[in-house]
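Descriptive analysis of the structure
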Amino acid sequence: MSEARAAILGRLRRAAPMADAPAPDFTTLQVRRWEPAERLVKLRQGMALVKAEFLEAGPEDWPRVVADFVVREGLTSLLYGPDTAEGRALAAAWPAAGPRLVPYDRPVEAFKTELFQDLQAGFTTTLGGIAETGGLLLTPGPAEPRLLSLVPPVHIALLRADRIFDTLWQAIRSLGWNQRLPPNALVISGPSKTADIEQTLAYGVHGPKRLIVCVVAS
Amino acid sequence: MHGDLEVDFLASSTRALANPQLRTNFRRAMDGLMAKRANLFKDPAEWAELRALGAAVRAQSLARLPELLDRLEANCTRNGIQVHWAETTDQANHLVLKLLQDRGARTLVKGKSMVSEEMGLNAFLADHGIEALESDLGEYIIQLDDETPSHIIMPAIHKNKDQIARLFSEKIKHAQYTEEVDELTAMARAVLRQKFLEADAGLSGVNFAVADTGTLCLVENEGNGRMSTHVPPVHIAVMGLEKVVATLEDVAPLYSLLTRSATGQAITTYFNLISGPRGPGELDGPREVHLVILDHNRSNIYQDAELQATLRCIRCGACMNHCPVYTRIGGHAYEAVYPGPIGAILTPQMEGVGVRHDLTHASSLCSACVEVCPVQIPIARLLVRLRREATHALPESLVEGRGSGRSALESLLWSAWAWAMGHPSVYRLSAWCATRGWGLLPAGAPVLRAWTRTRTKPKAARRGLQELARAKGVPHV
């Protein structure tokens, strides 16, 4: 379809040059800043509003907090990425007679049906969060595949309290996302939801029914 | 895809107005959406600054459109996303079909995409033996009932939950009748998760495309967008060529304006950035990602300095939520893919102002849409421009069907009007006749009947303003 390409771009280039559009002024986003402690409060407010749930933990004991939650909720399995530092810490602290801790270590094609039908929860790390609106930043990839945070009905995400950015705009700049992005990056603010039936909010329409954020104090 | 059909806006809007259920459903929904949006823009200064930024980003992106499209293509290609171009919806349909056929795909799961509605993709694929299944809950509902979206954000907004409950109990296997929204949602979840698991390919739209990094941004709440783009082995994205911006940073204000304007949310559940297929070492994600860039008359709109503002649109739907016409007649009455004020300016430009100039009159020019547009599209001004395009073949205009809506009778009446206005004695005589003769005109007279069918006939003053002024001794009247 290179013919179509040439024709389309040809027509676009035929347009008279625009009068210089005013350069966008990003000041309104630049001035949105909060103290570190306030950032966590704002993030929690924003995400609680859309039904995200929170666990609190310290830098050492978070694997136990996560395991306790999984046991307490009667979840029978937790899928995780075994090749991250956090994945190793989780495996090391996992109770011997506890729920199944399943490593995501094969191509999805090898266990797609099990993933969709049997596994009850998925665990991921995050790059951080967004204070202004709430939201977690994730870059799925080889260590933590894309479907880990999407297919199991419960998603447990680890958030370090000192990794909360003021705004999405600031996160994009700080993470260098203007220059380079991995094949997939995303922001998640709560469990999957819809309001397509009479604008009535319903959770868990396609993706996770619950999002649990385990906040690790710095 | 409505270009070939007989469209009659007067008839369809009259039908819609006579449907009390439809009017109740829309009134309630639009009131809800307006309140939710207002709640998120409580600070007028913040709103003004952010929307000025949003408008500037869109205007600047359009000013550099050919260059940005070039760069988007180069960077997508570098990332492993294959880029295809389509001048028409027909070309786009054939491109998608070939991609699917070459891979032996029989089933396609779809995330929400208005461009695919423009293409009429589902029907086209069905004709070629490929099942295209909508997975956005609203789209799924209307597909079950063989309907088209009545709103660009909330496609099933014209239905209430009783209607949906009946539909599900009739169309979904083993479904029990229930009016509980949570249970209805769970039913759709059960059906669609199985479909995601089995689908041969996935298709999505694109909310924003980023030239510098070759990135496709998808904004959604349900997770069906992520399911459609990450689970099947092939992902095909379709986008209108105007969607591109330079950097991801440019997307930040647009995303905020979009979610707040559309559904009154500070942020959506998912903001998904796709910059390539499954990479080295990755264990999931599609093996291939394809991007189809569609023109469909956009490049003609682009060449008109005034009409180009149409292409700033980020498809938030706020203009329809606030439109007194849309709220009363709903989306289907427009008989167009894009209803409401944005549809009233976009549809005549895409399908031809000759066939769809009726839509440019689907507005009282109250400008509620202009006030809430997050990227400051002067919709009312463009409506007036297109009304003129419909009846005048303006020089240098590229609007399809320009001048074809001209009627000899209407032109004659306007010429007579202009002539009377230019001749004071004629004007005075007609004013005298109108004030004296008005009473003799029966309320049921043709033309007047449209007004008096539901209202009393207005009374005319016995003497016109000019006469009264003259009697008071006002000079030069």
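Cut-offs and rules
Residues numbered from 1 in each chain as written. Chains lettered and ligands numbered in written order. Predicted model: local features only at pLDDT ≥ 70, side-chain atom pairs only at ≥ 80, totals over all residues. Helix = DSSP H or I, 4+ residues; strand = E, 2+ residues; numbered from the N terminus. Buried ≥ 20, exposed ≤ 12 C-beta atoms within 10 Å, placed from the backbone. Contact = placed C-beta atoms within 7 Å. Domains from an automatic or database assignment. Pairing = 2+ DSSP bridges. Nonpolar A, V, L, I, M, F, W, Y, C, P; charged D, E, K, R; others polar. Axes fitted to C-alpha atoms, helices over the stretch in contact; angles between N-to-C directions. Parallel < 35°, antiparallel > 145°, perpendicular 65-115°, else oblique. pLDDT = per-residue confidence, 0-100. Expected span 1.5 Å × (residues − 1). Arc of directions from axis to C-beta. Core = buried A, V, L, I, M, F, W, Y, C linked by C-beta atoms within 7 Å.

Further remarks concern the overall build of chain A. Scanning chain A for helices and strands turns up seven helices and 12 strands. For the C-alpha atoms alone, the extent of chain A along its principal axes is close to 70 × 45 × 40 Å. Of all 218 residues assigned to chain A, the portion counted as buried reaches 47%. Summarising the internal contacts of chain A: among those between residues at least 6 apart in sequence, 73% fall at separations of at least 24.

Below, the discussion takes up the overall build of chain B. From N to C terminus, chain B includes 23 helices and 10 strands. Over its C-alpha atoms, taken along the principal directions, chain B stretches across nearly 90 × 55 × 45 Å. For chain B, the residues scored as buried account for 53% of the 477 residues in total. Sequence-distant contacts, at least 24 apart, represent 74% of the contacts inside chain B between residues at least 6 apart.

A separate point is the domain arrangement of chain B. What the domain assignment lists for chain B is domain 1 (1–40 + 312–406), domain 2 (41–296) and domain 3 (412–471). Inter-centroid distance (C-alpha atoms) of domain 2 of chain B to domain 3 of chain B is 54 Å.

Residues and elements named next belong to chain A. Most of strand E12 (residues 210–216) is tucked away: seven of the seven residues are buried. Side chains of E12 alternate between two faces, with Arg210, Ile212, Cys214 and Val216 and Leu211, Val213 and Val215 buried alike. Across five bridges, strand E1 (residues 53–57) lies against E12 in parallel orientation. When the bridges of E12 are listed, Glu56 appears paired with Val215. With seven bridges connecting them, strand E7 (residues 154–160) and E12 associate as parallel partners. In the strand pairing of E12, Leu158 is matched with Cys214.

For Leu186 of chain A, the location among the structural elements is in strand E9 (residues 184–188). The exposure class assigned to Leu186 of chain A is buried, which follows from the 21 C-beta atoms found within 10 Å. Sequence separation of Leu186 of chain A and Arg146 of chain A is 40 residues, and the distance between their C-alpha atoms is 9.8 Å. Not counting chain neighbours up to four residues away, the residues in contact with Leu186 of chain A comprise Leu138 of chain A together with Tyr270, Phe271, Asn272 and Leu273 of chain B.

Taken residue by residue, the interface counts 78 residues in chain B and 69 residues in chain A. Residues belonging to the side of chain B that touches chain A are distributed by class as follows: 40 nonpolar, 24 polar and 14 charged. Summarising the sheet, E9 of chain A and strand E9 (residues 270–274) of chain B pair through five bridges and their orientation is antiparallel. Within the sheet, the bridge partner assigned to Ile188 of chain A lies in E9 of chain B and is Tyr270 of chain B.

This part covers the sheet that holds E9 of chain B. As summarised here, the arrangement of the eight strands in space is E8(A)-E5(A)-E6(A)-E9(A)-E9(B)-E6(B)-E5(B)-E8(B), forming an open sheet in which the pairing is mixed. Whereas interior strands pair on both sides, the edge strands pair on one side only; in this sheet they are strand E8 (164–165) of chain A together with strand E8 (244–245) of chain B. Looking at chain direction, strand E6 (residues 215–220) of chain B and E9 of chain B are connected through five bridges and run antiparallel. Looking across to E9 of chain B, one finds that Leu218 of chain B is bridged to Asn272 of chain B.

Residue and element names in this part refer to chain B. Even without being a glycine, Asn297 presents a positive backbone phi close to 75 degrees. Locating Asn297 in the fold gives a position in the loop between strand E10 (288–294) and helix H13 (298–302). With 20 C-beta atoms counted inside 10 Å, the residue Asn297 sits in the buried group. Phi at Arg315 takes a positive value of approximately 60 degrees, unusual for a residue other than glycine. Note on placement: Arg315 falls in the loop between H13 and helix H14 (318–321). Of the residues examined, Arg315 has 18 C-beta atoms within 10 Å and is grouped as partly exposed.

Time to look at the packing of helix H1 (residues 2–14) of chain A against helix H4 (residues 65–79) of chain B. At a minimum axis separation of 9 Å, H1 of chain A and H4 of chain B run at an interaxial angle of 150 degrees. The angle between the axes of H1 of chain A and H4 of chain B places the two elements in the roughly antiparallel class. Residues Leu9, Leu12 and Arg13 of chain A of H1 of chain A touch H4 of chain B, and the partners they reach there are Leu65, Pro66 and Leu69 of chain B. For the contact of H1 of chain A with H4 of chain B, the class distribution of residues is five nonpolar, no polar and one charged.

Our focus in this paragraph is the environment of Val109 of chain B. Residues and elements named next belong to chain B. Here Val109 lies in strand E2 (residues 107–110). Spatially, the C-alpha atoms of Val109 and Ala201 are 6.5 Å apart, while their sequence positions differ by 92 residues. In this structure, Val109 is in contact with Leu133, Ser135, Lys195, Phe196, Ala199, Gly202, Ser228 and Pro232, ignoring residues within four places of it in sequence.

All names here are of chain A. For E7, the tally of buried residues reaches six of seven residues, placing the bulk of the element in the interior. As judged from the five bridges shared by strand E4 (residues 121–125) and E7, these two strands associate in the parallel manner. Bridge pairing in E7 places Phe123 opposite Ile156.

What follows deals with the confidence of the model for chain B. Here chain B shows a mean pLDDT of 95. Residues at 70 or above account for 99%. Among the prediction metrics, the complex's ipTM stands at 0.97, with pTM recorded as 0.94.

Residues and elements named next belong to chain A. One open sheet holds the six strands; their spatial order is E1-E12-E7-E4-E2-E3, and the pairing between them is parallel. Edge positions in the open sheet fall to E1 and strand E3 (100–103), since each of these has one partner strand only. Taking the axes of each pair of neighbouring strands and ignoring which way they run, one obtains an average angle of 25 degrees across the sheet.

All names here are of chain B. Between its terminal C-alpha atoms helix H10 (residues 181–198) stretches 26 Å, which fits the 26 Å expected from 18 residues at 1.5 Å a residue. Residues Val181, Leu184, Thr185, Ala188, Arg189, Leu192, Arg193 and Phe196 constitute the buried set of H10. Down the axis of H10, the buried side of the element spans an arc of 160 degrees, and every buried residue falls inside it. More than 90 degrees from the buried face of H10, the exposed residues found are Ala190 and Gln194.

All right, on to the nonpolar core then. Judged by nonpolar contacts, the single largest core of 195 residues is most densely connected at Val213 and Cys214 of chain A together with Leu108 and Val292 of chain B. Here this core gets eight residues from one element, more than from any other, and that element is helix H12 (residues 248–263) of chain B.

All names here are of chain A. Taking 1.5 Å of rise per residue, 13 residues should cover 18 Å, and helix H3 (residues 36–48) covers 19 Å from first to last C-alpha, within 8% of that figure. Those residues of H3 that fall on the buried side of the exposure criterion are Arg39, Leu40, Leu43, Gly46 and Met47. One side of H3 holds all its buried residues, which, seen down the axis, span an arc of 135 degrees. Exposed and facing more than 90 degrees away from the buried side of H3 are Ala37 and Gln45.

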